[in-house]
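# Remarks on the overall topology
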Amino acid sequence: SRMKRLAMALHSCCDHGRLALVDAKGFDPCDVSVNVKDGKVTVSAEHSEEHNSALAKTSNYRKYKKEFSLPPGDDEMTYSL
C-alpha cells in the first residue's frame with residue numbers, strides 16, 4: 001500500500017527508533033492536533049462545514065482519533081503534518 005511504502009522510505013532515510021504514520025486524508029493541517037499525556041500520544045482531527053443554497057442546507061462533520069502508547073522511558077517525540 002501507499003502508506004507502507006511511505007513508512008519504509010521514511011524509516012530508511014531517518015534515524016528514528018520508532019515511526020508511526022497516520023492517514024489524515026481529508027483534513028487540513030489546522031484540523032489536526034497531537035497531544036502527549038500519561039505515556040500516550042493522541043492524534044485527533046475534527047472538521048465541519050456547512051453549505052447553504054436556496055433549496056437546502058447541508059452539513060458535513062468528520063472526526064478522527066488514534067492513540068499510541070509510548071514505550072517506557074521514551075520522553076521525546078517529534079511530529080510533522
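What counts and how
- Residues numbered from 1 in each chain as written.
- Predicted model: local features only at pLDDT ≥ 70, side-chain atom pairs only at ≥ 80, totals over all residues.
- Heavy atoms only, no water.
- UniProt positions renumbered as here; feature names shortened; annotations may be inferred.
- Pairing = 2+ DSSP bridges.
- Helix = DSSP H or I, 4+ residues; strand = E, 2+ residues; numbered from the N terminus.
- Axes fitted to C-alpha atoms, helices over the stretch in contact; angles between N-to-C directions.
- Phe/Tyr/Trp six-rings, centres within 6.5 Å; stacked < 30°, edge-to-face > 60°.
- Lys NZ or Arg CZ within 6 Å of the ring centre and 35° of its normal.
- Salt bridge = Lys/Arg side-chain N within 4 Å of Asp/Glu carboxyl O.
- Buried < 20%, exposed > 50% of the residue type's maximum accessible area, 1.4 Å probe, protein only.
- Patch = residues over 30% accessible without salt bridge, like charges linked within 9 Å, V, L, I, M, F, W, Y side chains within 5 Å.
- Areas by Shrake-Rupley, 256 points an atom, 1.4 Å probe, with all protein chains shown as cover.
- Polar contact = N/O pair within 3.5 Å; in protein donor to acceptor, adjacent residues only side chain to side chain.
- Contact = heavy atoms within 4.5 Å.

Under an unreviewed UniProt entry, the name given to the protein chain is Outer dense fiber protein 1, and the organism recorded is Grantiella picta. Looking at the Function (unreviewed entry) heading of the UniProt record, one finds this comment for the protein chain: "Component of the outer dense fibers (ODF) of spermatozoa. ODF are filamentous structures located on the outside of the axoneme in the midpiece and principal piece of the mammalian sperm tail and may help to maintain the passive elastic structures and elastic recoil of the sperm tail."

### Digging into the sheet that holds strand β1 (residues 32–37)
Spatially, three strands are ordered β1-β2-β3 in an open sheet, and the strand pairing comes out antiparallel. Only two strands of the sheet have a single neighbouring strand rather than two, namely β1 and β3 (57–69). Each strand axis lies, on average, 15° off the axis of its neighbour in the sheet, ignoring direction. Of the pairings in the sheet, the one linking strand β2 (residues 40–52) to β3 comprises 13 bridges and is antiparallel in character. Its bridge partner lying in β3, Val43 is registered against Lys66.

### Here we look at the packing of aromatic side chains
Note on aromatic pairs: each is described by the distance of the centres and the angle between the planes. In this structure the tally under the stated criterion is zero aromatic pairs. Directly above the ring of Phe27 sits Arg62, whose terminal nitrogen or CZ lies 5.1 Å from the centroid.

### As for the pattern of salt bridges
Using the criterion set out here, one finds two salt bridges in the structure. The partner of Lys57 in a salt bridge is Glu50, and the shortest N-O contact between them spans 3.7 Å. Residue classification places Lys57 among the exposed residues on the basis of a relative accessible area of 57%. Here Glu50 falls in the exposed class, since its relative accessible area comes to 51%.

### Structural notes on a nonpolar patch on the surface
The grouping of Val36, Met77 and Tyr79 at the surface amounts to a nonpolar patch, some 290 Å² of accessible area in total. Along the chain, the position of Met77 falls in the segment after β3. Residue classification places Met77 among the partly exposed positions, given a relative accessible area of 33%.

### What about the side chain of Thr42?
Mapped onto the fold, Thr42 is located in strand β2. Here Glu67 takes part through its side chain, which lies 3.3 Å from a polar atom of the side chain of Thr42. Excluding its chain neighbours within four sequence positions, the residues that come into contact with Thr42 are Ser33, Val34, Asn35, Lys65, Lys66 and Glu67.

### Topic: the environment of Lys63
Structurally, Lys63 can be placed in strand β3. In this structure Lys63 comes out as exposed when scored by relative accessible area, which is 60%. A sequence separation of 19 residues divides Lys63 from Ser44, and the C-alpha atoms of the two residues are 7.5 Å apart. Setting aside anything within four residues of it in sequence, one finds Lys63 in contact with Phe27, Ala45 and Glu46.

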